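Commentary on secondary and tertiary structure
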Amino acid sequence: MEIHQKLKFWYQSASRDLPWRHTSDPYYIWLSEVILQQTRVDQGLPYYYRFIQQYPTLQDLAKAHEDEVLRLWQGLGYYSRAKSLLKTAKEVQRLYHGRFPASYQELLALPGIGPYTAAAIASFAFNLPHPVLDGNVKRVVSRCLEIQRPIESKAAQVEILTWLNACMEPSDPAVFNQAIMELGALICLPKTPSCSACPIQAHCLASQSGRPTDFPIKKSKPAKRILHLAYALAWNNGKIAIQKRGSTGIWANLWELPSVETSEPAEINALEEFFPGLNTVVYRSFELPIHLLSHREIRAQVFMFKTQSKASHQVEWISPDRIDSYGFPRILTRFFEEHEDVFRVPLPTEFLKPDNGS
Ligand code: SF4
């Protein structure tokens, strides 16, 4: 039996019963595809019903006011999708008198319709042989073929499309597309594929080699640069020092505790650069949780001490109860929240009293 036949039999017996699978109306199919982008089926289902009840035809939707559509969309997130939905409806109304064109190229030319949605409408509504390429399909095919290239690369996409076109039964592209998408959603799961229940296991290289979860191959992300930071929680006469960051780089223009970047895990000595002649006992030190930014991993330590040393950079001495009036990066606001005692509970008087040098 060929792949498309195996998929078809499996789909007929195992697929979920979803309302948009009982129609070939391109408006309903398109609506379901837009709603299901970045949304789970169980979450999208009530919205689908709400939309078709409020706007039973594309003409009804095209006449709607944007506020009304956004209200109906409320809770689904990604509101640009709702705006794009309305824009596409108006365009189909204007160009095609409210009927979606029955050609992949014309569908693709509409605003808000990309290759995936165009292929879905073309095949599900008009039974045209265009493979759909969503995340589920890419995962299934990358495993069947053990595609060694990063899945988002152009070469990998060509390999996948070539395989899909070769496997697709031209007389029944709708069922083929639905079936392979459903296989990815129900059986060929990202972390736990059920290969023993898979109708196309005999055609799957990754299952045969025992390493399905090694595929698809993702483009490796560059390793995050580790940045060590020594923060000074410097007290002088009941006040603490803060400084404003520069207008470029991370946390631009935010306030922070005086800090020094180091290449190794931070030590109190690093802060001598900031408080020259610093010769002090650390009253407390705090290791902050690792803080992740898009390209960096911040490992920071806060050293709390009393000083009379003049800072070498410009700082402001503020009463700690004013800390909420300044904008700090999250790494520090979290520290302030978690160590409220440092600022609210009275510190020992001998710690707060001006240092007399003894
Ligand atoms: S055999 Fe396993 S890895 Fe291969 S397509 Fe089926 S479920 Fe996915």
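Parameters and conventions
Every chain is numbered on its own, with residues counted from 1 as its sequence reads. With the structure being a predicted model, the display of local features is reserved for residues of pLDDT at least 70 and the display and counting of side-chain atom pairs for 80 or more, all residues being used for whole-chain, interface and lining totals. Working definition: helices are DSSP H or I runs of at least four residues, strands are E runs of at least two. Numbering for both runs from the N terminus. To get the radius of gyration, use the C-alpha atoms; to get the globule rule, take the number of residues to the power 0.38 and multiply by 2.2 Å. To sort residues by exposure, count the other C-beta atoms lying within 10 Å of each residue's C-beta; 20 or more gives buried, 12 or fewer gives exposed, and values between give partly exposed, all with C-beta atoms placed from the backbone. Working definition of a contact: two residues with C-beta atoms, positioned from the backbone, lying within 7 Å. A domain assignment, automatic or from a database, supplies the domain bounds used here. With axes taken as lines fitted to C-alpha atoms, and helix axes fitted only over the stretch in contact, angles between N-to-C directions fall between 0 and 180 degrees. Geometric relationships in this document are graded by angle, where less than 35 degrees denotes roughly parallel, more than 145 denotes roughly antiparallel, 65 to 115 denotes roughly perpendicular, and other angles denote oblique. When residues are sorted by character, Ala, Val, Leu, Ile, Met, Phe, Trp, Tyr, Cys and Pro go into the nonpolar class, Asp, Glu, Lys and Arg into the charged class, and all the rest, Gly among them, into the polar class. Strands were regarded as paired on the criterion that DSSP finds at least two bridges between them. Working rule for helices: expected span equals 1.5 Å times residues minus one. We call a residue near a molecule or strand when the C-beta position, derived from backbone atoms, sits within 6 Å of it. We define a nonpolar core as a collection of buried residues of the types Ala, Val, Leu, Ile, Met, Phe, Trp, Tyr and Cys that are connected via C-beta atoms lying within 7 Å of each other.

Some remarks on the overall build of the protein
Scanning the protein for helices and strands turns up 15 helices and eight strands. On C-alpha atoms alone, the protein measures out to a radius of gyration of 30 Å, which is more than a quarter above the 21 Å that the 2.2 N^0.38 rule sets for 358 residues. For the protein, with 358 residues in total, the buried portion stands at 30%. Residue pairs in contact within the protein that sit at least 24 positions apart in sequence constitute 65% of those at least 6 positions apart.

Here's the deal with the environment of F328
Looking at where F328 falls in the secondary structure, it is placed in the loop between β8 (316–318) and α13 (330–338). C-alpha of F328 to C-alpha of I242: the two residues are 86 residues apart in sequence and 9.9 Å apart in space.

Details of the domain arrangement of the protein
Once the domains are mapped, the protein shows domain 1 (25–126), domain 2 (129–220) and domain 3 (225–352). Look at where the C-alpha atoms of domain 1 and domain 3 centre, and you get two points 52 Å apart.

Concerning the packing of helix α9 (residues 135–145) against helix α11 (residues 173–186)
Their axes nearest at 8 Å, the elements α9 and α11 cross at an angle of 85°. Put simply, α9 runs roughly perpendicular to α11. For the pair α9 and α11, the contacting residues are N136, V137, R139 and V140 in the first and I180, M181, L183, G184 and A185 in the second. A per-class count over the contact of α9 with α11 returns six nonpolar, two polar and one charged.

Topic: the pairing of strand β7 (residues 296–306)
Direction of pairing for strand β1 (residues 225–236) relative to β7: parallel, over a ladder of eleven bridges. Bridge pairing links A232 to F303 in β7. Two elements, strand β5 (residues 284–287) and β7, share four bridges in a ladder whose sense is antiparallel. Across the sheet, the residue bridging to R284 is M304, located in β7.

Points about α11
Compared with an ideal rise of 1.5 Å per residue, which puts 14 residues at 20 Å, α11 spans 20 Å between its outermost C-alpha atoms and is within 8% of the ideal. The buried fraction of α11 is high, at twelve of 14 residues. Buried residues of α11: P173, A174, V175, F176, N177, Q178, A179, I180, M181, E182, L183 and G184, and no others. Contact partners of the buried residues in α11: α1 (3–14), α8 (115–126) and α9.

Examining the site of the ligand
Among the 14 residues in the neighbourhood of the ligand, the closest are listed as C188, C195, C198, C204 and S207. The dominant element in the shell around the ligand, judged by the number of residues it contributes, is α9, at three residues. For the shell around the ligand, the class distribution of residues is eleven nonpolar, two polar and one charged.

A closer look at the nonpolar core
Judged by nonpolar contacts, the single largest core of 59 residues is most densely connected at L7, I29, L31, I121 and I180. Three or more residues apiece are contributed to this core by two domains, here domain 1 (25–126) and domain 2 (129–220). Contacts of L31, omitting those with residues within four sequence positions, involve Y48, F51 and I52. Formed by 26 residues, the second largest nonpolar core is a distinct cluster that contains A230, Y231, L271 and F274.

With respect to unusual backbone geometry
Following F215, the chain continues into P216 via a peptide bond in cis, with omega recorded as 0°. When you line up the elements, P216 lands in the loop between α12 (205–208) and β1. For N127, which is not glycine, the phi torsion reads 55° and is therefore positive. Although it is not a glycine, N237 sits at a positive phi angle of roughly 55°.

What about the pairing of strand β2 (residues 239–244)?
Where β1 meets β2, two bridges bridge the pair, whose relative direction is antiparallel. Within β2, the residue paired with N236 across the bridge is K239. Between β1 and β2, which pair antiparallel one after the other, the connecting turn spans two residues, and N237 there sits at a positive phi close to 55°. Pairing between β2 and β8: three bridges, direction antiparallel. The residue bridging I242 from the neighbouring strand is E316, located in β8. In this sheet, strand β3 (residues 255–256) lies alongside β2 in antiparallel orientation, the contact comprising two bridges. Its bridge partner lying in β3, Q243 is registered against E256.

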